[in-house]
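Per-entry structural report
Chain residues, written in single-letter form:
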There are 2 protein chains.
Amino acid sequence: MSKLETLADAFHDELQDVYSAEQQIAKALPKMIKKANSGKLSQALTAHLEQTKLHVERVASAFEETGKSAKAKKCEAMAGLIKEAEETMAQDADSDVADAILIGLAQKVEHYEIATYGTLCTWADQLGYTNAKELLGQNMDDEEKVDKLLSNLSRHANLAAKA
Amino acid sequence: MSKLETLADAFHDELQDVYSAEQQIAKALPKMIKKANSGKLSQALTAHLEQTKLHVERVASAFEETGKSAKAKKCEAMAGLIKEAEETMAQDADSDVADAILIGLAQKVEHYEIATYGTLCTWADQLGYTNAKELLGQNMDDEEKVDKLLSNLSRHANLAAKA
């Protein structure tokens, strides 16, 4: 086991985690897009896939101030979230209900990222990693916006699912 | 595979998920409390353990309007979050750094719940499950408050970890 002596060690460890998480999301999103029935949802997830690719790049750049090269460490939490999403998507749901469920799954993923970027930004601030804070803050803002967009879509998807 | 024909089916499925998640958290928290070094963090997590036991009861009551009995379905996402937390806690960290990490892990758990209760409350509202919406809304409020409290503690824990 590695020793986390300083906050800089913890930051580096967490950055490796989110680097893996973003990569896992980039891999999982195409399956979610394929499963979306509503055009608006498909569009939102497709835009988020492009954004996720940018997030991977930003996280890679955020490694610079740590003095260590960009490396992913498997994020078990995201693996669990995606496993759950795949199991749920495998269920034979009606199209509107499937969309409502898909939105809920995507929002869980978003919230994992919001929590992680929140921690990383606090730590980057305290470590004086100005560039990393800026980059990770941009990712966090994106995730929060997507979460809100999905909440809005949810109201429509759910109303349709109810009818 | 079960078929999710209606939003009511999806709600019931998700309720089984969060029922499992809360039970997993109630089991994991004592290990986190044991690992906390700061008195304030230990206190906050202990209070949250008591709250979590109440959350389990509220979720059980929220099943009533579905007309089905309370049953948990293993939440793979929470299992992943807890696996990650245990692996991280097993690392040999200095005490202040360990607390900063612990807070970050707890906030990931909180955010999973915030996302899940958000979806459940929206669906309960649309399904006319008034009582369930009230109970799950109370749980969501608690999780949001704990998340904010942890953010505040984080600033102190992190500053100590930096020194």
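Before any of the text, the structure's been laid out above.
A brief look at the structure comes next. (Residues numbered from 1 in each chain as written. Chains lettered and ligands numbered in written order. Predicted model: local features only at pLDDT ≥ 70, side-chain atom pairs only at ≥ 80, totals over all residues. Heavy atoms only, no water.)

1. Digging into the interface of chain B and chain A
Counting from both sides, the interface comprises 46 residues of chain B and, opposite them, 46 residues of chain A. The largest contributions to the chain B side of the interface with chain A come from Gln91(B), Lys108(B) and Gln126(B), which together make up 16% of the buried area. Linking chain B with chain A are six salt bridges, by the criterion used here. At the surface where chain B touches chain A, the tally comes to 12 residue pairs in polar contact (both at pLDDT 80 or more). Of all the secondary-structure elements, those providing two or more residues to the side of chain B that touches chain A are helix 1 (7-35), helix 3 (76-89), helix 4 (95-127) and helix 5 (130-162) of chain B. The dominant element in the side of chain B that touches chain A, judged by the number of residues it contributes, is helix 4 of chain B, at 15 residues. (Contact = heavy atoms within 4.5 Å. Buried area = accessible area lost by both parts, 1.4 Å probe. Salt bridge = Lys/Arg side-chain N within 4 Å of Asp/Glu carboxyl O. Polar contact = N/O pair within 3.5 Å; in protein donor to acceptor, adjacent residues only side chain to side chain. Helix = DSSP H or I, 4+ residues; strand = E, 2+ residues; numbered from the N terminus.)

2. A few points about the side chain of Gln16(B)
All names here are of chain B. Considering the arrangement of structural elements, one finds glutamine 16 in helix 1. Take glutamine 16: its relative accessible area is 8%, and that puts it in the buried class. Discounting residues that sit within four places of it in the chain, glutamine 16 has contacts with Phe63, Lys71, Ala72 and Lys73. (Buried < 20%, exposed > 50% of the residue type's maximum accessible area, 1.4 Å probe, protein only.)

3. Notes on the packing of aromatic side chains
Taken as a whole, this structure holds four aromatic pairs over all chains when the rule is applied. Plain terms: the ring middles of Tyr19(A) and Phe63(A) are 5.5 Å apart, the flat faces sit at 65° to each other, and that makes the pair edge-to-face. Here Tyr19(A) is found in helix 1 (residues 7-35), whereas its partner Phe63(A) is found in the loop between helix 2 (39-62) and helix 3 (76-89), with 44 residues between them in sequence. This pair shows no difference in class: Tyr19(A) is buried, exactly as Phe63(A) is. Ring geometry for Phe11(B) and Tyr129(B): centres 5.1 Å apart, planes at 70°, overall edge-to-face. In this pair, Phe11(B) sits in helix 1 while Tyr129(B) sits in the loop between helix 4 and helix 5, placing the two residues 118 residues apart along the sequence. This pair shows no difference in class: Phe11(B) is buried, exactly as Tyr129(B) is. (Phe/Tyr/Trp six-rings, centres within 6.5 Å; stacked < 30°, edge-to-face > 60°.)

4. Considering the pattern of salt bridges
In this structure the tally under the stated criterion is 18 salt bridges over all chains. Across the pair Lys83(B) and Glu76(A) runs a salt bridge whose closest N-O atoms are separated by 3.6 Å. With one member in each of two chains, Lys83(B) in helix 3 and Glu76(A) in helix 3 form a pair that bridges those chains. In this structure Lys83(B) comes out as partly exposed when scored by relative accessible area, which is 40%. Residues Glu84(B) and Lys108(B) are paired through a salt bridge, measuring 3.3 Å at the closest nitrogen-oxygen approach. Here the residue Glu84(B) occupies a position in helix 3, and Lys108(B) occupies one in helix 4, the gap between them amounting to 24 residues. Across the pair, exposure class does not vary: Glu84(B) and Lys108(B) are buried alike. Here the salt bridges share partners, and the residues they tie into one network are Glu14(A), Asp17(A), Glu84(B) and Lys108(B).

5. Regarding the relation of the copies chain B and chain A
Superposing chain B onto chain A takes a rotation of 180° combined with a translation of 0.0 Å along the rotation axis, leaving an RMSD of 0.0 Å. One copy is carried onto the other by what is essentially a two-fold rotation axis. When each C-alpha of chain B is compared by its distance to the rotation axis, Gly80(B) comes out closest, at 2.3 Å. Same-surface contact between copies: 100% of interface residues of chain B are shared with the interface of chain A. (Least-squares fit on C-alpha atoms with pLDDT ≥ 70 in both.)

6. Overview of helix 2 of chain A
For the α-helix, the turn length of 3.6 residues means that residues three or four positions removed from each other point alike. All names here are of chain A. In a regular helix each residue adds 1.5 Å, so 24 residues correspond to 34 Å; helix 2 covers 34 Å between its end C-alpha atoms and thus fits that length. When helix 2 is considered as a whole, its buried residues turn out to be Leu41, Ala44, Leu45, His48, Leu49, Thr52, His55, Val56, Arg58, Val59 and Ala62. The N-cap residue of helix 2 is serine 38: its side-chain oxygen and the backbone nitrogen of lysine 40 are 3.3 Å apart. (Expected span 1.5 Å × (residues − 1).)

7. A short note on the nonpolar core
Membership of the largest hydrophobic core comes to 102 residues, with the highest contact counts inside it found for Leu136(A) and Leu136(B). Sequence-distant contacts of Leu136(A), defined by excluding residues within four places in its chain, comprise Phe11(A), Leu15(A), Val59(A), Ala62(A), Tyr117(A), Leu120(A) and Cys121(A). (Core = buried A, V, L, I, M, F, W, Y, C linked by side-chain atoms within 4.5 Å.)

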